[in-house]
Amino acid sequence: MKVEKEGAAISGLKGAPAEIHVENIPQEEEESTVNFKPKSVIFKITEFFQDPQQLYDRTRGWWKMSAAKANIETLEYAYSYAARERKIVACYHITKWLGPNEDGRFGFEGYLEFNDPMVGQPVDKIAHARGGVVFYGDNIMGTPATEESEVVEQPTSTHEEKPTEKKNIITPMNEGESKIKVHGKAKGWTALGIADAYTKIHPSATLEDLNKAFPRELFASTKTYKESLIDKKVYLEKATAEGDERTIEWLNTTDWFFTLEDGTEVIWYKITWSEGIFPKIVEQAKSLGIEVASFENIGRGKGRGEYEIEYLPDYSFHVDGRMTVNTLQRQFREAFNAGLRVYEPSGKKAHPNAILAKLRTTSDATEVGEFEAKNDMKVMDFEYKMKSIFGINVQVALADDSKLSKDDSMLKDAGRI
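The structure displayed is predicted, hence computed values, not measured ones. (Residues numbered from 1 in each chain as written. Predicted model: local features only at pLDDT ≥ 70, side-chain atom pairs only at ≥ 80, totals over all residues. Heavy atoms only, no water.)

Notes on the sheet that holds strand E11 (residues 258-259)
Hydrogen bonds between backbone groups are what pair the strands of a sheet, and the pairing can be parallel or antiparallel. Selection rule: In this analysis, strands are considered paired if DSSP registers two or more bridges between them. By the criteria applied, helices consist of DSSP H or I runs no shorter than four residues and strands consist of E runs no shorter than two, each listed in order from the N terminus. Here, residues are in contact when the closest pair of their heavy atoms is within 4.5 Å. To obtain an axis, a line is fitted to C-alpha atoms, over the contacting stretch when the element is a helix, and the angle between two such axes runs from 0 to 180 degrees between their N-to-C directions.
Taken in spatial order, the three strands of this open sheet run E10-E12-E11, and their pairing is antiparallel. Every interior strand has two partners, whereas the edge strands, strand E10 (229-231) and E11, have only one. With three bridges joining them, E10 and strand E12 (residues 265-268) adopt antiparallel strand pairing. Among the inter-strand pairings, isoleucine 230 is bridged to a residue of E12, identified as isoleucine 267. Sitting on the sheet, helix H5 (residues 232-242) touches E10 and E12, and the angle it makes with E10 is about 80°.

Focus: helix H3 (residues 187-201)
Each turn of an α-helix holds 3.6 residues, which means side chains three or four residues apart point in the same direction. Applicable threshold: Given the number of residues in a helix, its expected span is that number minus one, multiplied by 1.5 Å. Partly exposed residues are those whose accessible area sits between 20% and 50% of the maximum for their type, while under 20% is buried and over 50% is exposed, using a 1.4 Å probe and protein chains only.
Taking 1.5 Å as the rise per residue, H3 with 15 residues should run 21 Å; its terminal C-alpha atoms sit 22 Å apart, in good agreement. Counting buried positions over the 15 residues of H3 gives 15, a clear majority of the element.

Some words on the pairing of E12
Strand residues, when the strand is regular, have side chains that alternate between the two faces of the sheet. When E11 meets E12, the two strands line up antiparallel, connected through two bridges. Each bridged residue has a counterpart across the sheet, and for threonine 259 the counterpart in E12 is glutamate 265. Between the antiparallel neighbours E11 and E12 lie five residues, among them glycine 263 with a positive phi of about 95°.

With respect to the packing of aromatic side chains
Note the cut-off: Pairing of aromatic side chains here covers Phe, Tyr and the six-membered ring of Trp, requires ring centres within 6.5 Å, and sorts the geometry by plane angle: under 30 degrees stacked, over 60 edge-to-face, intermediate tilted.
Applying the stated rule across the entire model yields 17 aromatic pairs. Measuring from centroid to centroid gives 5.9 Å for tryptophan 97 and phenylalanine 108, while their planes differ by 70°, and the two rings are edge-to-face. Of this pair, tryptophan 97 sits in strand E6 (residues 87-98) while phenylalanine 108 sits in strand E7 (residues 105-112); the two residues are 11 residues apart in sequence, bridging distant segments of the chain. A relative accessible area of 1% means that tryptophan 97 is categorised as buried. Given the relative accessible area of 0%, phenylalanine 108 is considered buried. Look at phenylalanine 214 and tryptophan 268: their rings are 6.2 Å apart centre to centre, the planes differ by 70°, and that puts the pair in the edge-to-face class. Here phenylalanine 214 is found in the loop between helix H4 (207-213) and E10, whereas its partner tryptophan 268 is found in strand E12, with 54 residues between them in sequence. In this pair, the class of phenylalanine 214 matches that of tryptophan 268, namely buried.

Some thoughts on the nonpolar core
Note the following rule: Residues belong to one nonpolar core when they are buried, are Ala, Val, Leu, Ile, Met, Phe, Trp, Tyr or Cys, and are joined through side-chain atoms within 4.5 Å.
One finds Trp268, Phe317, Val319 and Phe382 to be the most contacted residues of the largest nonpolar core, which totals 68 residues. In terms of residue count, H3 provides more of this core than any other element does, eight residues in total. Look past the residues within four positions of phenylalanine 317 in its chain and what remains in contact with it is Lys200, Ile201, Pro203, Met323, Leu328, Gln331, Phe332, Ala335, Phe336, Phe371, Glu372 and Ala373. With 16 residues, the next largest nonpolar core counts Ile45, Leu55, Met65 and Ala82 among its residues.

Here we look at the packing of H5 against helix H6 (residues 245-253)
Angle between the axes and distance between the axes are the two parameters that describe a pair of packed helices. Going by this rule: Should an angle fall under 35 degrees it is taken as roughly parallel, and over 145 as roughly antiparallel, whereas 65 to 115 is taken as roughly perpendicular and any remaining angle as oblique. Whether a crossing is left-handed or right-handed is set by the direction in which the near helix is turned from the far one by less than a right angle, anticlockwise for left-handed and clockwise for right-handed.
Orientation of H5 relative to H6, taken along the N-to-C sense of each, is 155°, at an axis distance of 8 Å. Our classification of the angle between H5 and H6 gives roughly antiparallel. Helix-helix and strand crossings are classified by hand; for H5 and H6 the assignment is left-handed. Contact with H5, carried on its side by Lys232, Tyr235, Leu236, Ala239 and Thr240, involves Thr247, Ile248, Trp250, Leu251 and Asn252 of H6 and no other residues of that element.

Quick look at the confidence of the model for the chain
Note the following rule: pLDDT is a residue-level measure of predictor confidence that goes from 0 to 100.
The predicted model of the chain has a mean per-residue pLDDT of 74, with 69% of residues at 70 or higher. Residue range residues 127-131 is modelled with pLDDT below 50. Its contacts to residues more than four positions away, or to other chains, number 11 contacts. Scored below 50 in pLDDT, residues 298-304 shows 16 contacts in the model against residues more than four places distant or in partner chains.

Structure below.
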């Protein structure tokens, strides 16, 4: 499946697994004894938002508060909480205060704070506050600041101004660091989307490569298996040997896997998606150029999970000798929306299933290794790299393959006339 999202290709829609586990949220309506972060502000939200991006957008603006508290220079109040129905539902690290707008109200930009102990906790102390904003001062047992308190309801109009730029609230990355984004529902599926996204950047990745990129010791304390991701077939054989009928039935019916170039169906192996593990996988993904742009924890039994992969303007992929001609052409089209003609040394078009390393001729190859096909690489440079490293003649063509691209065009523009 492919759709368009903000001008970028999105693919990889998936359904929800049966084995997703979520953390338990405290159900008692007692006052929390857990401290808020120092100098934090709580915004009372009346609406229910399942989408974390919508919750973030509703929380971050616009509010009536003093300019001294929304201090853009010092960030004195650098954390905010969203509260709904006497419970904290999210915590955000404020990176920038915005405003005042023409109505004298303030907003902020920031990102989601994982694992804050107040999330899920009851907060009776603010339940009867006069308005929508509560300030906390010195973090003394969650005591509201007295002299500084100012509580005014946020207007509920759907036509009000919002802070201008949407920020990624899950894993903020600097511009140019992220090559590809994952949008997911449910922790298990989002994690699967992360691993799948890795194979878009490294199309020839094997199961061994994936486990080097996502080593199990970083995420799981259990020692039931040494690898994070395994072959679905191996998982099924193990379940069969153990007589695990529930797992056998699930593996025979689930679409909770993705397929590598060599045909291996990859699945995460027995990870309980607790509060601490999922953020570690997200952080590891950041180091690999993969950004989790949005995440919705739909919870167990609350519908199908899914993930989508979005290719960003800085997307690039690694070309190496393990790739087949078909994979190279497919990745090239997905990355640059351009055609690629690949030829054998004899001059005839290469077979789609031919492996690049086996097409190589030693006399023509002057370099060894792999290279990264980037958006800003020129057509002539890409064609030269393919010749010098693999001894293969290629020609970049327009998206409809009607004619060749100009040599001095960048790959990102190669598919257009």
